[in-house]
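Report on the structure
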Amino acid sequence: MLAPYSPFIIWAAVAVATVGLLFRPFRIPEYVWALGAAALLPLLGAVSLGTTWHAVAEGRDVYLFLIGMMVLAELARREGLFDWLALYAVRHAGGSGRRLFDLVFLVGTVVTVFLSNDATAVVLTPAVYAACKAARANPLPYLFVCAFIANAASFVLPISNPANLVVYGNHMPSLLQWLAQFALPSLAAIGATYLVLRWVHRREIAQPLAAAPEHRPLTEGGRLSALGVLFTGTVLLVTSAMNGPLGLATFCAGALSVAVVAIRQRHSPLPLLRHVSWGVLPLVAGLFVLVEAVSQTGVIQTAASNLQALAQTSPHQAGWLAGASAALLSNVANNLPVGLAAGSLGQMAELPAQTRAALLIGVDLGPNLSVTGSLATMLWLVALRREGEHVSALDFLRVGALVMPPALIGALLLL
């Protein structure tokens with residue numbers, strides 16, 4: 001039997017997790033706050049153990065997707081693939097910071113579209129840092145590109161963001177339906193993000209770059225990891241077109257890529273696995289539990305009923321409300337649980353396709369406002385800390401407040 005004061009405990013746990021994610025008190029990792037807050041709920045009788053386990057199991061496809069992508073990204077990082085690409089970009093920038101900015105933005109868009117926004121955050125960020133170090137350029141403008149394009153391009157394809165998996169769940173549109181609905185909104189979001197970021201950092205990227213470094217040939221491990229990336233991208237596109245489980249496909253492709261390199265080099269894969277950011281998995285699991293607990297308070301059911309009523313009278317207004325609300329809430333509670341709530345909302349109410357698409361755009365694009373908005377941005381922060389760089393929540397908010405609104409408005413206008 002659940003405690004009579006369960007709603008109070010649930011909202012208190014959500015508040016603790018949110019504060020922990022936002023400010024990292026005592027430098028305790030984000031996953032500890034999310035997992036700790038979620039663990040308190042069954043211990044205090046606010047939710048049952050069965051409900052807790054069901055919420056954790058709900059994210060199994062997302063866990064597999066993240067494991068495969070993180071392992072593949074770490075393989076590429078260790079074998080120097082993206083350092084090589086970064087130096088290649090510097091050489092082709094011709095001493096121009098603006099041209100390097102454009103190249104980083106282009107590469108970030110391609111990586112996000114075909115390998116997910118989390119891959120951009122984990123893989124591209126260290127490479128861009130290495131490129132800026134080689135070019136003796138201020139790295140922050142180029143590093144911000146990695147963070148913002150990871151979300152702005154994350155709804156070009158279903159595979160571009162794990163949040164897409166939780167918003168649509170078992171009702172994922174076919175690849176052609178997806179492209180018909182999201183192609184123009186994606187172009188608007190990417191274009192607006194590029195223009196605003198380039199204007200914000202116009203002075204920094206106007207500085208000339210140092211002489212290009214000498215060309216270094218790609219190692220055998222780098223070539224094999226590149227083939228692994230291409231293989232994984234192909235597998236995900238085919239799986240998406242066939243409406244297959246993206247998580248399992250990503251996990252298998254990533255594991256196979258690591259195994260091939262390990263066998264070829266006759267090295268154990270364990271050192272590589274030790275460098276993967278495994279804390280992401282308990283973070284995601286804790287967030288799934290928290291949003292399931294929130295749904296028991298009746299908030300999601302009420303929102304579903306109100307949105308359905310509005311969609312019946314004014315579908316256009318319902319789309320704008322859904323997109324804006326999802327965007328703002330994603331910055332309070334992270335877009336993965338908000339995406340799960342949006343998916344639950346879509347199951348509880350009969351919503352027009354446009355309203356559900358607006359929810360997804362808000363979930364994917366809204367996190368460009370703050371550092372806690374998406375898992376990709378959190379992984380980006382982890383990558384920055386590994387390189388010795390620091391971006392505070394306020395620093396990110398100053399840029400995000402300029403970048404996110406026009407991209408969101410443009411995407412919703414063209415939906």
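Rules and cut-offs
Residues numbered from 1 in each chain as written. Predicted model: local features only at pLDDT ≥ 70, side-chain atom pairs only at ≥ 80, totals over all residues. Heavy atoms only, no water. UniProt positions renumbered as here; feature names shortened; annotations may be inferred. Helix = DSSP H or I, 4+ residues; strand = E, 2+ residues; numbered from the N terminus. Buried < 20%, exposed > 50% of the residue type's maximum accessible area, 1.4 Å probe, protein only. Polar contact = N/O pair within 3.5 Å; in protein donor to acceptor, adjacent residues only side chain to side chain. Contact = heavy atoms within 4.5 Å. Expected span 1.5 Å × (residues − 1). Salt bridge = Lys/Arg side-chain N within 4 Å of Asp/Glu carboxyl O.

In the annotation of an unreviewed UniProt entry, the entry for the protein chain reads Arsenic transporter, and the organism field reads Stenotrophomonas lactitubi. What UniProt records for the protein chain under Sequence similarities (unreviewed entry) is the sentence "Belongs to the CitM (TC 2.A.11) transporter family." Within the UniProt record for the protein chain, the comment given under Subcellular location (unreviewed entry) is "Cell membrane".

Our focus in this paragraph is the environment of Ala 206. Looking at the element boundaries, Ala 206 is found in the loop between helix H11 (202–205) and helix H12 (220–241). Of the residues examined, Ala 206 reaches a relative accessible area of 36% and is grouped as partly exposed. Through-space distance from the C-alpha of Ala 206 to that of Gly 97 is 5.8 Å; in sequence the pair is 109 residues apart.

What follows concerns the UniProt feature "transmembrane region" (unreviewed entry) in the protein chain. In this numbering, the UniProt entry assigns the feature "transmembrane region" (unreviewed entry) to residues 6–24, 31–56, 103–128, 140–159, 179–200, 246–263 and 275–295. Taken end to end, residues 31–56 has its terminal C-alpha atoms 14 Å apart, with 81% of it in helix and 0% in strand. When the span residues 140–159 is considered, its composition is 65% helix and 0% strand, and the gap between its end C-alpha atoms is 27 Å.

Mapping Ser 374 onto the fold places it in the loop between helix H19 (353–365) and helix H20 (375–386). What makes Ser 374 buried here is its relative accessible area of 1%. A polar contact is formed between the side chain of Ser 374 and the side chain of Asn 151, at a distance of 3.2 Å. Residues within four places of Ser 374 in sequence aside, it is in contact with Asn 151, Asn 334, Asn 335 and Pro 367.

What follows deals with unusual backbone geometry. Non-glycine residue Arg 136 carries a positive phi angle of around 55°. Residue placement: Arg 136 occurs in the loop between helix H7 (117–135) and helix H8 (140–152). On the basis of relative accessibility, which here comes to 75%, the residue Arg 136 falls in the exposed class. Backbone geometry at Arg 266 places phi at a positive 55°, although glycine is not the residue there. Structurally, Arg 266 is set in the loop between helix H13 (246–265) and helix H14 (270–274). Of the residues examined, Arg 266 reaches a relative accessible area of 78% and is grouped as exposed.

Another aspect to go through is H19. Turn by turn, an α-helix covers 3.6 residues, leaving residues three or four places apart pointing in a common direction. Taking 1.5 Å per residue as the helical rise, H19 with its 13 residues ought to reach 18 Å, and the 18 Å between its terminal C-alpha atoms agrees with that figure. H19 sits mainly inside the fold: eleven of its 13 residues count as buried. Along H19, the residues that are buried comprise Thr 355, Arg 356, Ala 357, Ala 358, Leu 359, Leu 360, Ile 361, Gly 362, Val 363, Asp 364 and Leu 365.

Applying the stated criterion to the full structure yields six salt bridges. For Arg 198, the salt bridge goes to Asp 102, with nearest N and O atoms at 3.2 Å. Of this pair, Arg 198 sits in helix H10 (residues 175–200) while Asp 102 sits in helix H6 (residues 97–115); the two residues are 96 residues apart in sequence, bridging distant segments of the chain. On the accessibility criterion, Arg 198 (24% relative accessible area) is partly exposed. Given a relative accessible area of 28%, Asp 102 falls into the partly exposed group. Asp 395 is paired through a salt bridge with Arg 398; the nearest N and O atoms lie 3.0 Å apart. Note that Asp 395 and Arg 398 are positioned in helix H21 (residues 393–413) at a spacing of three residues, about one turn of the helix. Under the relative-accessibility criterion, Asp 395 is labelled partly exposed at 30%. The exposure class of Arg 398 is exposed, given its relative accessible area of 52%.

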